[in-house]
Amino acid sequence: MEKITTMSKNQYWFRTIACIYPIAYVLIWPLLYGILPSYSSYYILGGMFFTLATSMMAWAMYLHRDIKWSVPAYALVGVALFNCVDYWTLHNILAIIFFVSSTYLMRTDKRFDWLGDISVTWYILLVMPGGVFWFEAIQAVLISWFHLSYVRRLWRVRRL
């Protein structure tokens, strides 16, 4: 693995955009179609576009350059490929793996573990009526913020 300071400026910009993309993802679907019970419900309305958008979010997560993040990234690809209509059980199992593994990785991180603590506190939404949508939205923003924090740190290291 190459040193973190040997990346080009374009690679830093690309990783920054890849970290911001999930926030746009969280905002665009409800703006286009309104608030649904969960983000997976947008598959019914968006079809292939939903699958593509969710897969791109997984790919952005995989860019974190840490093999540990491959588990949530692959789980999110599975969430995108196995829709909630035809493969309900598999879709939900992969979604659970994605959220739990992401929270675990953030919680056990040495620098930004406080984002993992915040992530854990929002799991209460899963037991509230209509809470799944808000849980997924908040988690996507927290995961994105976590990755963006590392990219910002890389920017500072490179400038020194």
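As shown above, the structure is provided for reference.
Since we're looking at a predicted model, the values are computed, not measured. (Residues numbered from 1 in each chain as written. Predicted model: local features only at pLDDT ≥ 70, side-chain atom pairs only at ≥ 80, totals over all residues. Heavy atoms only, no water.)

Asker: A description of the packing of aromatic side chains should follow, citing residues and the corresponding values.
Answerer: Following the criterion strictly, the structure yields 18 aromatic pairs and no others. The interplanar angle of 85 degrees and the centroid separation of 5.4 Å between the aromatic rings of F82 and Y87 together place this pair among those described as edge-to-face. Judged by its relative accessible area of 31%, F82 is partly exposed. The exposure class of Y87 is partly exposed, given its relative accessible area of 41%. Three or more aromatic residues joined by ring pairs form one cluster here, namely Y21, Y25, W29, Y33, Y39, Y42, F133 and W134. (Phe/Tyr/Trp six-rings, centres within 6.5 Å; stacked < 30°, edge-to-face > 60°. Buried < 20%, exposed > 50% of the residue type's maximum accessible area, 1.4 Å probe, protein only.)

Asker: Report on the packing of helix α5 (residues 88–107) against helix α6 (residues 113–121), specifying residues and quantitative values.
Answerer: A packed helix pair is summarised by two numbers, namely the angle formed by the two axes and the spacing between the axes. It is the contact of α5 with α6, at a shortest axis distance of 6 Å, that shows an interaxial angle of 140 degrees. In terms of their interaxial angle, α5 and α6 are classed as oblique. Taken together, the residues of α6 that come into contact with α5 (itself represented by T103, M106 and R107) are D113, L115, G116, D117, S119 and V120. Across the contact of α5 with α6, the residue classes break down as three nonpolar, three polar and three charged. (Axes fitted to C-alpha atoms, helices over the stretch in contact; angles between N-to-C directions. Helix = DSSP H or I, 4+ residues; strand = E, 2+ residues; numbered from the N terminus. Parallel < 35°, antiparallel > 145°, perpendicular 65-115°, else oblique. Contact = heavy atoms within 4.5 Å. Nonpolar A, V, L, I, M, F, W, Y, C, P; charged D, E, K, R; others polar.)

Asker: Outline empty space enclosed by the protein, listing residues and values.
Answerer: Counted by the stated rule, this structure contains three cavities of 30 Å³ or more. Of the voids in this model, the largest cavity is the one considered here, and its volume is about 170 Å³. Considering the residues around the largest cavity, the lining is formed by 16 residues, among which Y25, Y39, L76, F99 and E136 are closest to the centre. Elements with a minimum of two residues in the lining of the largest cavity: α1 (9–33), α3 (48–62), α4 (70–81), α5 and α7 (131–159). Element by element, the count of residues in the lining of the largest cavity is highest for α5, at four residues. The residue inventory of the lining of the largest cavity, partitioned by class, reads twelve nonpolar, three polar and one charged. (1 Å grid on protein atoms, 1.4 Å probe; cavity = no way out; pocket = protein on both sides within 12 Å on 5 of 7 lines; lining within 4 Å. Points joined across faces, edges and corners; volume = space filled by probe spheres on them.)

Asker: Tell me about the packing of α4 against α5, residues and numbers included.
Answerer: Remark: α4 packs on α5, axes separated minimally by 8 Å, with the N-to-C direction vectors making an angle of 155 degrees. By the angle between their directions, the pair α4 and α5 is classed as roughly antiparallel. With respect to the hand of their crossing, α4 and α5 are arranged in left-handed fashion. Packed against α4, whose contacting residues are V71, P72, A75, L76, G78 and V79, the element α5 presents H91, L94, A95, I97, F98, S101, S102 and L105 at the interface. Here the contact of α4 with α5 is built from residues that sort into ten nonpolar, four polar and no charged. (Left-handed = near helix turned anticlockwise from the far one by under 90°.)

Asker: Any chance you could break down the environment of S149 for me, citing the residues and the numbers?
Answerer: Following the sequence through the fold, S149 ends up in helix α7. Remark: the alpha-carbon pair of S149 and C19, spanning 130 residues in sequence, is separated by 9.2 Å. Sequence-distant contacts of S149, defined by excluding residues within four places in its chain, comprise F112 and L115. Within the structure, S149 has its side chain in polar contact with the backbone oxygen of W145 (distance 2.8 Å). (Polar contact = N/O pair within 3.5 Å; in protein donor to acceptor, adjacent residues only side chain to side chain.)

Asker: Go over the nonpolar core with me, naming the residues and quoting the values.
Answerer: By size, the foremost hydrophobic cluster in this structure holds 30 residues, and its most contacted members are Y25, W29, Y39 and F146. Elements that contribute at least two residues to this core include exactly α1, α3, α4, α5 and α7. For this core, the leading source of residues is α7, giving eight residues. If sequence neighbours within four positions are ignored, Y25 has contacts with Y39, F50, A53, T54 and M57. Core analysis: the second largest hydrophobic core is formed by six residues, Y12, V151, L154 and W155 among them. (Core = buried A, V, L, I, M, F, W, Y, C linked by side-chain atoms within 4.5 Å.)

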